[in-house]
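Observations on the three-dimensional arrangement
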Amino acid sequence: MWALRAAGRGGAWLSRAVRGCRPPRAALLPPPPHPERALAAVRGGLGCSEGREGGGGGSRADGQRSRADGEEEPKDAEEEEDEEELLRRDPLLPAGIQRVCLVHPEVKWGPGKTQGTRAEWQVAEARALVCTLDGWSVVDTMVVRTKTPDKKLIFGRGTLEQLTERIRGSPEITSVFLNVERLATPTKKDLEAAWRVPVFDRFTVVLHIFRCNARTKEARLQVALAELPLLRSHVKSNVAHLGGRGRSSRYTMGSGESFLQLQQRLLRDREAKIQKALERLRCKRRLLGQQRRRKEFPVVSVVGYTNCGKTTLIKALTGDAAIQPRNQLFATLDITAHAGRLPSALTVLYMDTIGFLSQLPHSLVESFSATLQDVAHSDLIVHVRDVSHPETELQKASVLSALWGLGLPDALLESMVEVHNKVDLVPGYTPAEPDVLAVSALLGLGLDELMARVEDAVLRATGRRTLTLRVRLAGPQLSWLHQEATVQAVDVIPEAGAADVKVIISDSAYGRFRKLFPG
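Please read these numbers as outputs of a predicted model, since none were measured by experiment.

To continue, consider the sheet that holds strand S4 (residues 175-178). With parallel pairing, the four strands of this open sheet are ordered in space as S3-S2-S4-S5. Each of the sheet's edge strands pairs with one partner strand only, and the pair in question is strand S3 (136-146) and strand S5 (199-200). Strand direction decides the pairing type here: S4 and S5, joined by two bridges, are parallel. Among the inter-strand pairings, Phe-177 is bridged to a residue of S5, identified as Phe-200. Helix H4 (residues 119-132) rests against strand S2 (98-107), S3 and S4 of the sheet, and its axis sits at about 150° to S3.

Moving on, we come to the nonpolar core. In this structure, Trp-136, Phe-177, Val-205, Leu-207, Leu-403 and Leu-408 are the most contacted members of the largest nonpolar core, which totals 38 residues. Listing elements by their share of this core, those giving two or more residues are S2, H4, S3, helix H7 (202-213), helix H8 (217-226), helix H14 (392-405) and helix H15 (410-414). At six residues, H7 tops the list of elements feeding residues into this core. Residues within four places of Leu-403 in sequence aside, it is in contact with Val-303, Phe-356, Leu-408, Leu-413 and Met-416.

A separate point is the packing of aromatic side chains. In total, this model carries four aromatic pairs according to the counting rule given. Between Trp-480 and Phe-517, the ring centres sit 6.2 Å apart and the planes meet at 80°, which makes this aromatic pair edge-to-face. Here Trp-480 is found in helix H17 (residues 477-484), whereas its partner Phe-517 is found in the segment after helix H18 (507-516), with 37 residues between them in sequence. Trp-480 gets classed as buried once you look at its relative accessible area, which sits at 15%. A centroid spacing of 5.2 Å and a plane angle of 55° characterise the contact between Phe-513 and Phe-517, whose relative ring orientation is tilted. Exposure remark for Phe-513: the relative accessible area of 3% places this residue in the buried category. Taken together, the ring pairs connect Trp-480, Phe-513 and Phe-517 into an aromatic cluster. Above the plane of the ring of Phe-203 lies Arg-182, whose end atom (NZ or CZ) is 4.6 Å from the centre.

What follows covers the packing of H17 against H18. Contact pair H17 / H18: the axes reach a minimum separation of 11 Å and the direction vectors enclose 160°. With respect to each other, H17 and H18 are oriented roughly antiparallel. For the element pair H17 and H18, the recorded crossing hand is right-handed. Note on element contacts: H18 touches H17 through Ala-509, Arg-512, Phe-513 and Leu-516, opposite Gln-477, Trp-480, Leu-481 and Glu-484.

With that settled, consider the sheet that holds strand S14 (residues 498-506). If you trace the three strands from one edge of the open sheet to the other, you get S12-S14-S13, paired in antiparallel fashion. Both outer strands of the open sheet, strand S12 (464-472) and strand S13 (486-493), are each paired with one neighbouring strand and no more. The mean angle between the axes of side-by-side strands here comes to 20°, regardless of whether they run parallel or antiparallel. Looking at chain direction, S12 and S14 are connected through nine bridges and run antiparallel. The residue of S14 that forms the bridge with Arg-472 is Ala-498. This element, H17, spans S12, S13 and S14 of the sheet and lies at about 160° to S12.

One pass over the full model with this rule turns up 13 salt bridges. Linking Arg-385 and Glu-418 is a salt bridge whose minimum nitrogen-to-oxygen distance equals 2.7 Å. Of this pair, Arg-385 sits in strand S9 (residues 380-386) while Glu-418 sits in strand S10 (residues 417-421); the two residues are 33 residues apart in sequence, bridging distant segments of the chain. By the burial criterion, Arg-385 is buried, and Glu-418 matches it. If you follow the salt bridges from partner to partner, you end up with Arg-385, Glu-393, Lys-396, Glu-418 and Glu-433 in one network.

Between its first and last C-alpha, H4 extends 20 Å over 14 residues, near the 20 Å set by a 1.5 Å rise per residue. Listed as buried for H4 are Ala-119, Gln-122, Val-123, Glu-125, Ala-126, Leu-129, Val-130 and Thr-132. Here the buried face of H4 lies against S2, S3, S4 and H7.

Our next topic: the confidence of the model for the protein chain. The pLDDT averaged across the protein chain works out to 76; a share of 69% of its residues lies at or above 70. A low-confidence stretch, residues 41-73 (pLDDT under 50), is modelled with 94 contacts involving residues beyond four sequence positions or located in other chains. Taken together, the stretch residues 244-249 has pLDDT below 50 and engages in two contacts with residues farther than four places along the chain or on a different chain.

The topology assignment puts Ser-301 in strand S6 (residues 299-304). At 2.3 Å, the side chain of Ser-301 forms a polar contact with the side chain of Ser-378. Among residues more than four places away in sequence, those in contact with Ser-301 are Met-351, Val-375, Ser-378, Leu-380, Ile-381 and Val-382.

Reading the values: rules and limits
- Within each chain, residues carry numbers counting from 1 in the order of the written sequence.
- Whole-chain, interface and lining totals are the exception, using all residues; otherwise, since this is a predicted model, local features are given only for residues with pLDDT of at least 70 and side-chain atom pairs are given and counted only at 80 or more.
- Side-chain descriptors were evaluated using all non-hydrogen atoms of the structure, hydrogens and water having been removed beforehand.
- Two strands are counted as paired when DSSP detects at least two bridges linking them.
- A run of DSSP states H or I qualifies as a helix once it reaches four residues; a run of E qualifies as a strand once it reaches two. Both are numbered from the N-terminal end.
- Any two residues having at least one pair of non-hydrogen atoms within 4.5 Å are treated as being in contact.
- Only the stretch in contact is used when a helix axis is fitted, and all axes are lines through C-alpha atoms; the angle between N-to-C directions ranges over 0 to 180 degrees.
- For our purposes a nonpolar core is just a set of buried Ala, Val, Leu, Ile, Met, Phe, Trp, Tyr and Cys residues, chained together by side-chain atoms within 4.5 Å.
- The buried label goes to any residue with under 20% of its type's maximum accessible area, the exposed label to any with over 50%, and the partly exposed label to all in between, with areas taken from a 1.4 Å probe on protein chains only.
- Two aromatic rings from Phe, Tyr or Trp, using only the six-membered ring of Trp, form a pair when their centres are within 6.5 Å; if the ring planes differ by under 30 degrees the pair is stacked, by over 60 it is edge-to-face, and anything between is tilted.
- Lysine NZ or arginine CZ positioned within 6 Å of the ring centre and within 35 degrees of the ring normal marks a charge as sitting over the ring.
- Should an angle lie under 35 degrees it is considered roughly parallel, over 145 roughly antiparallel, and from 65 to 115 roughly perpendicular; all remaining angles are considered oblique.
- Handedness of a crossing follows from how the near helix is turned relative to the far one, being left-handed for an anticlockwise turn of less than a right angle and right-handed for a clockwise one.
- For salt bridges, the criterion is a side-chain nitrogen of Lys or Arg within 4 Å of an Asp or Glu carboxyl oxygen.
- What a helix should span is 1.5 Å times the count of its residues minus one.
- How sure the predictor is of each residue is captured by pLDDT, a score from 0 to 100.
- We call two N or O atoms a polar contact when they sit within 3.5 Å, provided that within protein one can donate a hydrogen and the other can accept it, with sequence-adjacent residues counted only if both atoms are side-chain atoms.

What follows is the structure, given as structure tokens:
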């Protein structure tokens with residue numbers, strides 16, 4: 001955890017920036033390629049870290065710790081130093097144990113009222129955010145009605161006085177989490193002065209969680225990009241705090257810039273450097289994605305609301321013991337790849353993605369949209385829902401809205417498989433919608449039906465088909481099929497010196513087979 005610094009520490013950073021199957025009948029069928037080997041062959045193909053889950057230690061087939069995309073090849077020393085400087089940031093939240101008072105402003109009517117949800121579930125999600133932080137707990141919760149959510153202090157004078165009396169009269173409270181998306185810096189300072197404890201908004205808490213859970217350099221840079229609005233607000237606040245002293249000097253060190261102009265320019269430079277570093281990583285990911293597509297491994301992206309059980313489901317489908325799901329929000333921030341086999345022995349890559357959240361701060365959505373664009377290169381999307389959650393329909397709407405916002409191909413969205421997870425927590429549950437699968441990833445219920453559905457959808461999406469081909473045993477055809485297709489069975493015909501090979505093969509691979517082995 002980090003120690004709390006004054007807002008002016010943003011200026012300290014800026015000063016640093018200046019420096020800166022059926023069995024074969026007569027012949028043994030070699031086992032299909034091991035999924036981990038398939039994964040190694042396309043390492044980093046979607047800009048992901050392999051087999052590594054939020055908090056869990058994944059490993060490659062060769063036993064070495066896998067590296068995230070953009071971190072495998074040596075870089076120019078100056079570029080490496082610049083990127084590390086961009087990732088040096090001041091703390092957002094105080095260190096140590098925090099006993100939090102959760103204050104939720106409830107707008108009963110007007111444009112500020114949140115539609116489609118209830119205050120109690122918004123409070124429950126806010127509580128889960130706080131409890132995600134180590135050493136943080138909620139000791140008091142207040143749902144406070146307000147008619148003036150857009151005014152400087154959010155609450156009316158009488159309500160604010162009551163809140164102040166209650167917070168000041170509770171010595172166990174060490175900070176306040178005000179469940180609004182963003183607090184203006186003057187509002188934050190005035191509330192802290194009134195309540196005499198630090199006050200945090202949803203943006204700061206979520207951003208801190210993202211910081212803690214970002215593992216790869218790309219994810220850390222994306223979080224740094226999302227922090228820029230916070231730094232800009234600190235700059236404006238610091239300049240206002242300086243008053244006449246900050247604005248009386250027209251130029252700074254003979255540069256021809258005012259203090260505010262200098263700070264703003266440094267922030268623009270920082271943003272440009274972060275964007276440049278991210279673009280370097282994305283260019284490499286695009287190249288590796290082309291390699292993956294040449295290998296023709298189908299990709300299944302698993303998406304859903306945060307903490308819906310995506311990681312647990314992938315672990316159940318792949319049998320990967322290295323995956324360690326965590327029961328907390330945003331445990332996964334980096335796209336991770338996990339290889340598994342379908343019933344036909346076809347190897348696929350399951351991509352675990354960042355979870356969605358309603359009212360996610362806009363700058364975070366913007367920063368991670370490029371990562372989520374990788375979903376567009378999938379062959380299939382599996383949308384996982386937590387049907388035990390009281391607001392599962394609202395969560396579904398949030399996820400679908402985000403996916404539509406990414407501009408994904410219509411065919412990919414239309415073929416999406418919807419999975420209702422955690423049915424073990426809802427006795428007697430049966431989906432009301434057609435073509436929806438009910439599963440319990442934790443108990444393994446419904447997984448066979450899900451794998452069969454995924455296999456059927458993948459075969460259709462990738463143009464694969466099942467064929468039986470007769471090949472000569474003395475030639476290279478059988479070996480080639482093992483390399484380029486999924487061999488399901490080999491029936492040897494000794495008298496003919498040949499074998500009938502049942503394969504799942506893509507149209508492009510079949511075309512290459514016919515070209516290489518005519519007749």
